[in-house]
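# Observations on the model geometry
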Amino acid sequence: MTMIFGIPLQAFLGQLLIGLINGSFYALLSLGLAVIFGLLRVINFAHGAQYMLGAFVAMLLLQYFGINYWFALILAPLIVGLFGAIIERTMLSRLYDLDPLYGLLFTFGLALTIEGTFRYLYGSSGQPYTVPPQLAGGINLGFMFLPIYRGWVVVISLAACIGTWLLIEKTKLGAYLRAATENPVLVQAFGVNVPLLLTLTYGLGAALAAFAGVLAAPVYQVSPLMGSNIIIVVFAVVVVGGMGSIMGAILTGYMLGIAEGLTKVFYPEASNIVIFVIMAIVLLIRPAGLFGRDA
Amino acid sequence: MVQPLLQVSNLNAWYGESHVLHGVDMTVDEGETITILGRNGVGKTTTLRTIMGIIRERKGEIRFAGKDMLSVPLHRTAHAGLGFVPEERGIFSTLTVEENLMLPPVVAEGGMPLEEIYALFPNLKERRASPGTKLSGGEQQMLAIARILRTGVRLLILDEPTEGLAPVIVQRIGEVLKTLKARGMTVLLVEQNFRFASRIADRFYLMDHGKMVAEFPVGELPQRMDMLNKVLGV
């Protein structure tokens, strides 16, 4: 059997793939957090709940309306994004003039409320969501067996990340967004409806989280707690990458996912904490994060 | 009598608790270039920011082309025809020069086409792909003015356009403002550089303690010099 650093190649590649999949979710979620934080200066604690909502909406669409995975992949982000936009317009937007802590507390309370409601309605245990038939099965790559759905998650997440990056870096809407991140008052004085831009941005962030949630539904189980399990890690990713850096959030998501996966191969005991160890080191050496700008 | 383009009457403004404008009265006619003079901290910048609607704690009257501006939200001010070039210039570092230039939405017809802007500011064309804040101070000021020209606003509000710039750049900005004036643009500016202002303005307001204390056309400048020197402390 081929060995790499004294580890069977198969185990190595298997964990690399798992790392890449987890990294895809980290990247998608931290990207949304970074976009929201950049413009709204709100640390969106409800991000995990919005991810969970995405998975639940997909499941409920299937159960009650027979709407399949492919439509859910578009519909669930739209529904959760709209929900996010309404929350921003009616509640979150009232807190902008206050200390940023209020936004954090509000979204934290929102997350607890959403999770509590779903736990009450559906219980804490997870429910399965079957892989769509087109993506069922796997391919034998010779050196390992690749479930097609997991490959799909990696590819489509990367596409969504690149798409969001292009939207922000290369379009007029993105230019408004970047400019308003730097100086919202001036952008508004130029005649841009910045309050509307904030609503759209929060909606976009929530939609990205929901998109990740739909992708996650067949991989993990659909459970009210799936969001709070992942969100702590995602916050660590954002801290390592640097708050507000879009590309930083994406790259760090993948990097830390892979670091976590590889730690499982070389020193399994540390795999649950490796991301937080990296976070602590980065905070000591570069408090602004790997890709953040020093304030 | 022709109605002034901008009419400000008994304008008061506050920064939280502190009352900064104490009844500002002024008018700007279509096609005029007006300069507000005054020492530091008398409320010149505040006057511009209050007219623009950036400072919302305000009372009194601001009419632009006959329209009451006090009830207009900030993001509709530009659409009414007011363009703002802030003191700190407000060039965005995460946007390229061209993105900065194209950022403010066009609010009316009659704005300067991009080719003409690039003809007036050839440096900006050369460096259109670099980040906005990589430009020199003078170039950033040109960019801050240029991006407003594109939008078709009727009144250009400039806050200390020559601050911190080399004499040759100041001269260049003077030429640009003269070109704009020849095209019929109305300009309201705050300026510390008195010599610069005297070359381009039609009329002056002198400001002290949050209100206008004198108003005179450029022709009266020589006989006003003693008084100005005293108030401005130059």
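Conventions adopted
Here the residue numbering is sequential within each chain, running from 1 through the sequence in written order. The order in which chains are written sets their letters, starting at A; the order in which ligands are written sets their numbers, starting at 1. Only residues with pLDDT of at least 70 are given local features in this predicted model, and only at 80 or more are side-chain atom pairs given and counted; all residues enter the totals for whole chains, interfaces and linings. As used throughout, a nonpolar core is a set of buried Ala, Val, Leu, Ile, Met, Phe, Trp, Tyr and Cys residues joined through C-beta atoms within 7 Å of each other. As a rule, residues whose C-beta atom has 12 or fewer other C-beta atoms within 10 Å are exposed, those with 20 or more are buried, and those in between are partly exposed; C-beta atoms are placed from the backbone. The secondary structure listing takes helices from DSSP runs of H or I that are at least 4 residues long and strands from runs of E that are at least 2 residues long, numbered from the N terminus. Here contacts are defined at the residue level, using C-beta atoms placed from the backbone and a cut-off of 7 Å between them. The axes are straight lines fitted to the C-alpha atoms, using for helices just the contacting stretch, and the angles between their N-to-C directions are given from 0 to 180°. In this scheme, roughly parallel covers angles under 35 degrees and roughly antiparallel covers those over 145, while 65 to 115 is roughly perpendicular and the rest are oblique. Working rule for handedness: look at the near helix, and if it is turned counterclockwise from the far one by less than a right angle, call the crossing left-handed; if clockwise, right-handed. By the convention adopted, Pro, Cys, Tyr, Trp, Phe, Met, Ile, Leu, Val and Ala count as nonpolar, Lys, Arg, Asp and Glu as charged, and the other residues, Gly among them, as polar. DSSP calls a pair of strands paired once it identifies at least 2 bridges connecting them.

### Concerning the nonpolar core
Core analysis: the largest hydrophobic core is formed by 159 residues, its most contacted members being A:Leu28, A:Leu29, A:Leu31, A:Ala55, A:Ala210, A:Ala212 and B:Ile157. With 16 residues, the single largest contributor to this core is helix H1 (residues 9-40) of chain A. Ignoring any residue separated from it by four or fewer positions in sequence, one finds A:Ala210 in contact with A:Gln50, A:Tyr51, A:Leu53, A:Gly54, A:Val57, A:Ala76, A:Pro77, A:Val80 and A:Gly81.

### Quick look at the packing of helix H2 (residues 47-65) of chain A against helix H8 (residues 194-216) of chain A
Residue and element names in this part refer to chain A. Put simply, H2 and H8 touch, their axes get as near as 7 Å, and they point 50° apart. Taken together, the axes of H2 and H8 lie oblique to each other. In terms of crossing hand, the pair formed by H2 and H8 is right-handed. Across from His47, Gln50, Tyr51, Met52, Leu53, Gly54, Ala55, Val57 and Ala58 in H2, the residues of H8 making contact are Ala206, Ala209, Ala210, Phe211, Ala212, Gly213, Val214 and Ala216. A class-by-class count of the residues in the contact of H2 with H8 yields 13 nonpolar, 4 polar and no charged.

### Describing the sheet that holds strand S4 (residues 58-64) of chain B
All names here are of chain B. Taking strand neighbours across the sheet as the criterion, the 4 strands line up as S2-S1-S4-S5 in an open arrangement whose pairing is antiparallel. Looking at which strands have only one partner, the edges of the open sheet turn out to be strand S2 (18-28) and strand S5 (67-68). For strand S1 (residues 6-15) and S2, the ladder comprises 8 bridges, and the chain directions are antiparallel. In the sheet register, Ala13 faces S2, and the bridge partner there is Leu21. Packing against the sheet, helix H1 (residues 44-52) makes contact with S1, S2 and S4, and its axis sits at approximately 75° to S2.

### Some remarks on the interface of chain A and chain B
Every contact between the two is made by 14 residues of chain A and, on the other side, 19 residues of chain B. Broken down by secondary-structure element, the contributors of at least two residues to the side of chain A that touches chain B are helix H6 (172-182) and helix H7 (184-189) of chain A. In terms of residue class, the side of chain A that touches chain B is made up of 8 nonpolar, 4 polar and 2 charged.

### Quick notes on the sheet that holds strand S3 (residues 33-37) of chain B
Residues and elements named next belong to chain B. On the basis of which strands lie adjacent, the open sheet formed by 6 strands has the order S6-S7-S8-S3-S9-S10 and mixed pairing. Every other strand in the sheet has two partners, leaving strand S6 (82-85) and strand S10 (211-217) as the edge strands with one partner each. Within this sheet the neighbouring strands show an average axis-to-axis angle of 20°, counted without direction. The sheet contact formed by strand S9 (residues 203-208) and S10 spans 6 bridges and is antiparallel. When the bridges of S10 are listed, Phe204 appears paired with Phe216. The strands touched by H1 within the sheet are S3, S6, strand S7 (155-159), strand S8 (186-190) and S9, with S7 carrying the most contacts at an inclination of about 145°.

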